Amino acid sequence: MSWIPFKIGQPKKQIVPKTVERDFEREYGKLQQLEEQTRRLQKDMKKSTDADLAMSKSAVKISLDLLSNPLCEQDQDFLNMVTALDTAMKRMDAFNQEKVNQIQKTVIEPLKKFGSVFPSLNMAVKRREQALQDYRRLQAKVEKYEEKEKTGPVLAKLHQAREELRPVRDDFEAKNKQLLDEMPRFYHSRLDYFQPSFEALIRAQVGYYSEMQKIFGDLTQQLDQPGHPDEQRERENEARLSELRALSIVADD
Amino acid sequence: MAEPGTDEPSSRTGSPDGEGQVSGERLLLHQRLAVRELIDTELSYLHVLRLCASDIRSSLQQLPQRDLDVLFSNIDDVIEVNSRFLHDLQETASRKEEQVHLIGNLFLECHEELERVYKVYCASYDQALLLLDTYRREPELQREIQSIIEAVLPQAGPSGLSFLLVIPLQRITKYPLLLQKILENTVPDASAYPVLQRAVSALQDVNTNINEYKRRKEVASKYTKVEQLTLRERLARLNTHTLSKKTTRLSQLLKQEAGLVPRTEDKEFDDLEERFHCVSLCVTEMKNNVAVYLDNLEAFLCFRPQEYDLDIPGGPVVQYCSLMRDLQLQAFPYFKQRLKGLVWQPLCSLAKALAGPQNLIKKRLDKLLDFERVEEKLLEVGSVTYEEQEARHTYQALNSLLVAELPQLNQLAMRWLGQILCTFMGLQRELAQQVLQRAEGSLAQLPHYHLSEPAFRKLVEDALGQTGHQLRSFQENFEKVLPPPTVQPLLPGAERQVQALLSRYGPEKLYQVTSGVSGAGTLDLTLPRGQIVALLQNKDTRGNSSRWLVDTGGHRGYVPAGKLELYRVIPRQEEVKEQEWPHKDSRHLTPAPVPSVPVVTQVVAVYPFVARSSHEVSLQAGQLVTVLEAQDKKGNPEWSLVEVNEQRGYVPSSFLARAASPAPWGWGLPS
């Protein structure tokens, strides 16, 4: 805070003890960090959930487009498979939406609320700073008069200056104390504040993936598809491709 | 008795019975010879093949593998099939009487396999010949190849490799002839006869099919290439010939559209084409949708909420972050990779494979228009040119090719698509499994793991409600840290002004400006900090309550409400002694602090003054005096009524120190 240029000279003595200033800056610094992190976390959470919704919607589109293809009318097996897939996708999308709503309620909203305290804090710190400025200024003035020769006018001015100084100093001390009390408490409150949100977040994700496992597990069982290892799947794909290429009407390249 | 190999023309002119018997025996002899020939030639054929495939091929090291594959094609398969065939043939030798019957059956059993294997070899033979041609142009290479062949098979002669490579073609065409020979030497009422007949026609069919297969392959390879031509290249290709072709087709099409000429309806083909079209659409749409899904997945993986540091050392926050980190580093990328490899790539390959047939279908339509024109001409004129005949044949070949292969294509494509879909579902299931596995550990450590979901939700709601309260109180506390009080004793003029406002409006209506206001509009006031005003209206004409109408004593106008604070006025001198100096208790900063600037001031006497009458009072320099009135009884401001040392009297005002001028009143006071 020493970057603020003073119009009237600096006081001779350090009016705020270094330790106090250091403590203040440390506490405020921590809170500024926290503000930054919670703000960015909130933004990222929002973007992440938006992307999640988009992904789910595009999954639904896969099965929806398949369902609208005329092949479904011609081929009963295909229709069965695609209908089953479509049902699964739609259910998953519904679960996803619910999951996102839950996250919105238990994580994003609280983050926003937490962040909304910071403007007030910052204003309060500014006001303390302003008070400090006034305090320094008036203190310098008092010291200026104190050093002068004690004539009548000087004494009068000195008295006046002291009168002005007193309430300003008191005001600063009050603000300083208040902030030094409140800031650590506020910082500490994050512990209790965020734990429930994150617990809810984990549970929401686990709940969603449990549904996913169940739905797709049932689906793959229904369609008689055991879990093949990847190498086998790759070989099958190669085999299908070779079958196609064996036809003359398919170009070999 | 007839001797094997001798011909006795005289026996033919013998008696009918003897003749019948002799010719029967001769028949049997010839039959046996033919069978012998079949087996012996098969043996030597296989021997040569084996030499080609192993000795010769392995010696041709100077040729690249690619070339060797073209030259020798699927000769290994041919050898495999023929070895088995030979083995079975040789086995029949043990069963003398039924041998011919067995041979016939053997051919009937094997002919499909033979077709399958030989058609591939035959179809690629032309390419092999082309390759050999290029070798012939390099004498050095040619000599080397020749010497290798001569070392292994001297009887190959100067034509060398081409002589050897054509042998399978010769063999497959020989089978019907060999069988025919056996058939001719079999009595019609033998049990083997019908079997042999069928075998002969089967092998003839094999050859027909092989030829047809070859032709189709040629046609297909000519038209399936989907060429990526630039516009310039396409224009370069145009010449009078192609232009005339295209215009002819167009006119044919127009004639059809206009109903002048009947369109060739081919329901079978149309159905196939429609199904193909649906399959193609299915594949394209699925491919596009999967691409979008993958893009969204990528976007989702960009965001890393777990990377932010809230400085919380343990508990669910830490568990969440480590779980998400784990998922983002492993489970999700793995899912993405599998999706790309097992769903996306196959879809791309499938889509690409369908491009050839699409092209062929287009070409078929073009050729159909040509065909129809030629048919018309044939009807009108009775003959067509060679090119026109070729056009007819091309169309027919294309059409039969498509009709033959489209059903299978459709079926294979659908099957593959189905498999891809199942893979997609399987991948989703496995992703969920992975996530749950990794979350197991974190989940068990959660404080409220045992709670049911509804109970947990209620708990969270309550917790958030509580902490929400707490936050609000923090916010309020911070907002209580208010601007510094304005401690400004007033100038004399200001005091009078305040008195005037006070008497006019009453103490509850007085407000002090907390920081400088510069008015923008014509009705907005510009006021310095510390100015006292009286409130007239706490909203403006439009109902905006943050803009207040005030009276400065001289002017009226609007100021922002946020810059005004209630001004608690200390009543006049007499009451001042009884009134408490309102305390600013530094521990409880109240919302509306009392900047109690008394109208009565305490000042310091600057110069000494000696009283000259009983109305006056003496002063010492630096003495603290209380000003009771800033003017004398006649209103003259040059004298002030003060109290000092319990005495009251008048002193010259100029001997008193006034309050140091507060913040520069830069803006003009509204006069």
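All of these numbers come straight from a predicted model, not from anything done at the bench.

Definitions and limits used
- Residues numbered from 1 in each chain as written.
- Chains lettered and ligands numbered in written order.
- Predicted model: local features only at pLDDT ≥ 70, side-chain atom pairs only at ≥ 80, totals over all residues.
- Heavy atoms only, no water.
- Axes fitted to C-alpha atoms, helices over the stretch in contact; angles between N-to-C directions.
- Helix = DSSP H or I, 4+ residues; strand = E, 2+ residues; numbered from the N terminus.
- Parallel < 35°, antiparallel > 145°, perpendicular 65-115°, else oblique.
- Left-handed = near helix turned anticlockwise from the far one by under 90°.
- Contact = heavy atoms within 4.5 Å.
- Nonpolar A, V, L, I, M, F, W, Y, C, P; charged D, E, K, R; others polar.
- 1 Å grid on protein atoms, 1.4 Å probe; cavity = no way out; pocket = protein on both sides within 12 Å on 5 of 7 lines; lining within 4 Å.
- Points joined across faces, edges and corners; volume = space filled by probe spheres on them.
- Buried < 20%, exposed > 50% of the residue type's maximum accessible area, 1.4 Å probe, protein only.
- Polar contact = N/O pair within 3.5 Å; in protein donor to acceptor, adjacent residues only side chain to side chain.
- Salt bridge = Lys/Arg side-chain N within 4 Å of Asp/Glu carboxyl O.
- Expected span 1.5 Å × (residues − 1).
- Pairing = 2+ DSSP bridges.
- Disulfide = S-S within 2.5 Å.
- Phe/Tyr/Trp six-rings, centres within 6.5 Å; stacked < 30°, edge-to-face > 60°.
- Lys NZ or Arg CZ within 6 Å of the ring centre and 35° of its normal.
- Buried area = accessible area lost by both parts, 1.4 Å probe.
- UniProt positions renumbered as here; feature names shortened; annotations may be inferred.
- Bend = angle between axes of the 7 residues up to and from the residue.

(A) How the structure looks around the packing of helix 1 (residues 18–67) of chain A against helix 4 (residues 152–222) of chain A. All names here are of chain A. Running from amino to carboxyl end, helix 1 crosses helix 4 at an angle of 30°, the nearest separation of the two axes being 10 Å. Between helix 1 and helix 4, the crossing angle belongs to the class labelled roughly parallel. Considering the relative orientation of helix 1 and helix 4, their crossing is left-handed. Note on element contacts: helix 4 touches helix 1 through Asn176, Leu179, Leu180, Met183, Pro184, Phe186, Tyr187, Arg190, Phe194, Phe198 and Leu201, opposite Val20, Asp23, Phe24, Glu27, Tyr28, Lys30, Leu31, Leu34, Thr38, Leu41 and Met45. Tallied by class, residues from the contact of helix 1 with helix 4 come to 16 nonpolar, 2 polar and 4 charged.

(B) Geometry of empty space enclosed by the protein. If you walk through the whole model with that rule in mind, you get 6 cavities of 30 Å³ or more. Here the largest cavity is characterised by a volume of approximately 200 Å³. Around the largest cavity, the lining is made up of 20 residues, and of these Met55, Tyr208 and Met212 of chain A together with Tyr293 and Gln428 of chain B lie nearest the centre. Elements supplying a minimum of two residues to the lining of the largest cavity: helix 1, helix 3 (76–147) and helix 4 of chain A together with helix 12 (267–302), helix 13 (316–381) and helix 14 (386–445) of chain B. If one sorts the elements of the lining of the largest cavity by residue count, helix 1 of chain A sits on top with 5 residues. Considering only residue class, the lining of the largest cavity consists of 15 nonpolar, 2 polar and 3 charged.

(C) Examining the environment of arginine 162 of chain A more closely. Residues and elements named next belong to chain A. Position of arginine 162 among the secondary structure elements: in helix 4. With relative accessibility at 40%, the residue arginine 162 sits in the partly exposed group. Placed 21 residues apart in sequence, arginine 162 and lysine 141 show a C-alpha to C-alpha distance of 8.9 Å. Arginine 162 has contacts with Val142 and Glu146, leaving out every residue within four places of it along the chain. Of note is the side chain of arginine 162, whose polar atom sits 2.9 Å from the side chain of glutamate 146.

(D) Region of the structure containing the pattern of salt bridges. All names here are of chain A. If you walk through the whole model with that rule in mind, you get 55 salt bridges over all chains. One salt bridge connects lysine 30 with glutamate 27, and the closest N-O pair in it is separated by 3.9 Å. In this pair, lysine 30 and glutamate 27 both sit in helix 1, 3 residues apart, roughly one turn of the helix. You can call lysine 30 partly exposed: its relative accessible area is 31%. We classify glutamate 27 as buried; its relative accessible area is 8%. A salt bridge links glutamate 146 to arginine 162, with the nearest nitrogen and oxygen atoms 2.9 Å apart. You can see glutamate 146 sitting in helix 3 and its partner arginine 162 sitting in helix 4, a full 16 residues away along the chain.

(E) Looking closely at helix 13 of chain B. Between its first and last C-alpha atoms helix 13 of chain B spans 91 Å; for 66 residues at 1.5 Å apiece the expected length is 98 Å, and the two agree. Looking at the residues trailing helix 13 of chain B, positive phi occurs at glycine 382 of chain B, about 95°.

(F) Structural context of the pairing of strand 1 (residues 510–513) of chain B. Residue and element names in this part refer to chain B. On strand 1, burial covers both faces: Leu510 and Gln512 on one face and Tyr511 and Val513 on the other are all buried. Here 3 bridges tie strand 1 to strand 2 (residues 532–537), and the two strands are oriented antiparallel to one another. If you follow glutamine 512 over to strand 2, its bridge partner there is isoleucine 532. As defined by bridge partners, strand 1 adjoins strand 5 (residues 564–566) across 3 bridges and the pair is classed as antiparallel. Residue pairing across strands places valine 513 opposite leucine 564, the latter belonging to strand 5.

(G) Representation of the state of the cysteines in the model. All chains considered together, the criterion is met by 0 disulfides over all chains. We note that cysteine 282 of chain B lacks a disulfide partner, and the nearest cysteine sulfur, in cysteine 72 of chain A, lies 7.1 Å from it. Taking the relative accessible area as the measure of exposure, cysteine 282 of chain B reaches 1% and is therefore buried.

(H) Representation of the packing of aromatic side chains in the model. Within this structure, the stated rule accounts for 22 aromatic pairs over all chains. For the pair tyrosine 208 of chain A and tyrosine 209 of chain A, a centre-to-centre distance of 5.1 Å together with 75° between the ring planes defines the contact as edge-to-face. In this structure, tyrosine 208 of chain A and tyrosine 209 of chain A share a single accessibility class: buried. The aromatic ring of tyrosine 208 of chain A is capped on one face by lysine 99 of chain A, whose charged end is 4.1 Å from the ring centroid. One Lys or Arg, arginine 57 of chain B, reaches over the ring of phenylalanine 72 of chain B and ends 5.4 Å from the middle of that ring.

(I) Highlighting the interface of chain A and chain B. Listed as interface residues are 107 residues of chain A and, on the opposing side, 124 residues of chain B. Taken together, both faces of the contact between chain A and chain B bury some 10,300 Å²; the carbon and sulfur share is 68%. On the chain A side of the interface with chain B, the three residues burying the most area are Ile202, Arg203 and Ile249 of chain A, jointly 8% of the side's total. If you look at where chain A meets chain B, you find 7 salt bridges. Put simply, glutamate 243 of chain A and arginine 415 of chain B hold a salt bridge, and the shortest N to O gap is 3.7 Å. Taken together, the connections running from chain A to chain B amount to 28 residue pairs in polar contact (both at pLDDT 80 or more). For the side of chain A that touches chain B, the secondary-structure elements that each account for two or more residues are helix 1, helix 2 (71–74), helix 3, helix 4 and helix 5 (230–246) of chain A.

(J) Geometry of the sheet that holds strand 2 of chain B. Residues and elements named next belong to chain B. Strand order in this open sheet of 5 strands is 4-3-2-1-5, and the pairing throughout is antiparallel. The open sheet has two edge strands, strand 4 (556–560) and strand 5, and neither has a second partner. Looking at each pair of strands side by side, their axes are set apart by 50° on average, direction ignored.

(K) Inspection of the UniProt feature "coiled-coil region" (unreviewed entry) in chain A at higher detail. All names here are of chain A. The UniProt feature table records "coiled-coil region" (unreviewed entry) at residues 24–51 and 121–148. Helix makes up 100% of residues 24–51 and strand 0%, and the two end C-alpha atoms of the span are 40 Å apart. Helix makes up 96% of residues 121–148 and strand 0%, with an end-to-end C-alpha separation of 41 Å.

(L) Structural view of helix 4 of chain A. For helix 4 of chain A, built from 71 residues, the straight-helix expectation of 105 Å at 1.5 Å per residue is met to within 8% by its first-to-last C-alpha distance of 104 Å. Of all the bends in helix 4 of chain A, the largest measures some 30° and sits at phenylalanine 194 of chain A, one to four residues before the proline proline 196 of chain A.

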